[in-house]
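# Fold and contact review
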Amino acid sequence: MSLSPARMTRICLYGAEATYSGACDFVWDAPPVGGRHKLILFLAQSDDASREADAASELAKFGFVDLHLGAGRPLEVESLNDPRMRAFSKHYEGALENGCSIVWYP
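Heads up: these notes are all about the structure in this document.

Conventions used here
Here the residue index of a chain counts from 1 through its sequence in written order. Per-residue local features are limited, in this predicted model, to residues with pLDDT of at least 70; the limit for side-chain atom pairs, both in listing and counting, is 80 or more; totals at the level of whole chains, interfaces and linings are taken over all residues. With hydrogens and water stripped out, all remaining heavy atoms of the structure feed into the side-chain values. Working definition: helices are DSSP H or I runs of at least four residues, strands are E runs of at least two. Numbering for both runs from the N terminus. Only C-alpha atoms enter the radius of gyration; for comparison, a globular chain is expected to reach 2.2 Å times N to the power 0.38, where N is the number of residues. Whether a residue is buried, partly exposed or exposed follows from its accessible area with a 1.4 Å probe, protein chains only, as a fraction of its type maximum: under 20%, in between, or over 50%, in that order. The criterion used for residue contact is that any of the two residues' heavy atoms lie within 4.5 Å. Reported accessibility uses the Shrake-Rupley method at a 1.4 Å probe radius. Residues are deemed covered only where the shown protein chains occlude them. Positive charge is attributed to Lys and Arg, negative charge to Asp and Glu, and no charge count is given to His or to the chain ends. Charge positions are represented by NZ for Lys, CZ for Arg, CG for Asp and CD for Glu. By salt bridge we mean one thing: a side-chain nitrogen of Lys or Arg within 4 Å of a carboxyl oxygen of Asp or Glu.

This part takes up the overall build of the protein. Scanning the protein for helices and strands turns up 2 helices and 5 strands. Radius of gyration (C-alpha) of the protein: 14 Å, near the 13 Å computed for a compact globule of 106 residues. Residue burial in the protein is summarised as follows: out of 106 residues, 33% are buried. Restricting the contact set of the protein to residue pairs at least 6 apart, pairs at least 24 apart contribute 70%. As presented, the protein carries roughly 6300 Å² of accessible surface, and 55% of it is formed by carbon and sulfur atoms. The distance from the centre of the 10 positive side-chain charges to the centre of the 14 negative ones in the protein is 3 Å.

This next bit is on unusual backbone geometry. Phi at Asp66 is positive, roughly 50°, even though this residue is not glycine. Among the structural elements, Asp66 can be located in strand E3 (residues 64-69).

Tracing the backbone shows Val27 in the loop between strand E1 (10-20) and strand E2 (36-45). Relative accessible area serves as the criterion here: at 84%, Val27 is assigned to the exposed category. In this structure, the C-alpha to C-alpha distance between Val27 and His91, residues 64 residues apart in sequence, is 17 Å.

The subject of this paragraph is the pattern of salt bridges. Scanning the entire structure with this criterion turns up 7 salt bridges. Where Arg51 meets Asp47, a salt bridge forms, and the shortest distance between an N and an O atom there is 2.4 Å. The exposure class of Arg51 is partly exposed, given its relative accessible area of 30%. A salt bridge links Lys61 to Glu58; its shortest N-O distance comes to 3.2 Å. In this pair, Lys61 and Glu58 are both assigned in helix H1 (residues 52-61), 3 residues apart and thus about one turn of the helix distant. Residue classification places Lys61 among the partly exposed residues on the basis of a relative accessible area of 31%.

In short, geometric facts, not functional conclusions.
Next comes the structure, spelled out in structure tokens:
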């Protein structure tokens, strides 16, 4: 059975810069407390609309505060076929499975 386009899950990317507070909802491979980092949030959505409030809420669950969040944009799945983008495939899959995935940069 295939889903109609209206019911398909889309992954949108949100670029951000934020400070890691250490106060998160779960244990994860987090950066050092107090560090300021650039981030990419992979967020599963039902459409391509930019949902900054939802993205900010997810980043707060990871322990990030003082957010500077950009507008979301849909990820074109075909772009993951580019060898330079293969590292992001696990984050795409993670977002499909868990609702979101995050990449943070030191």
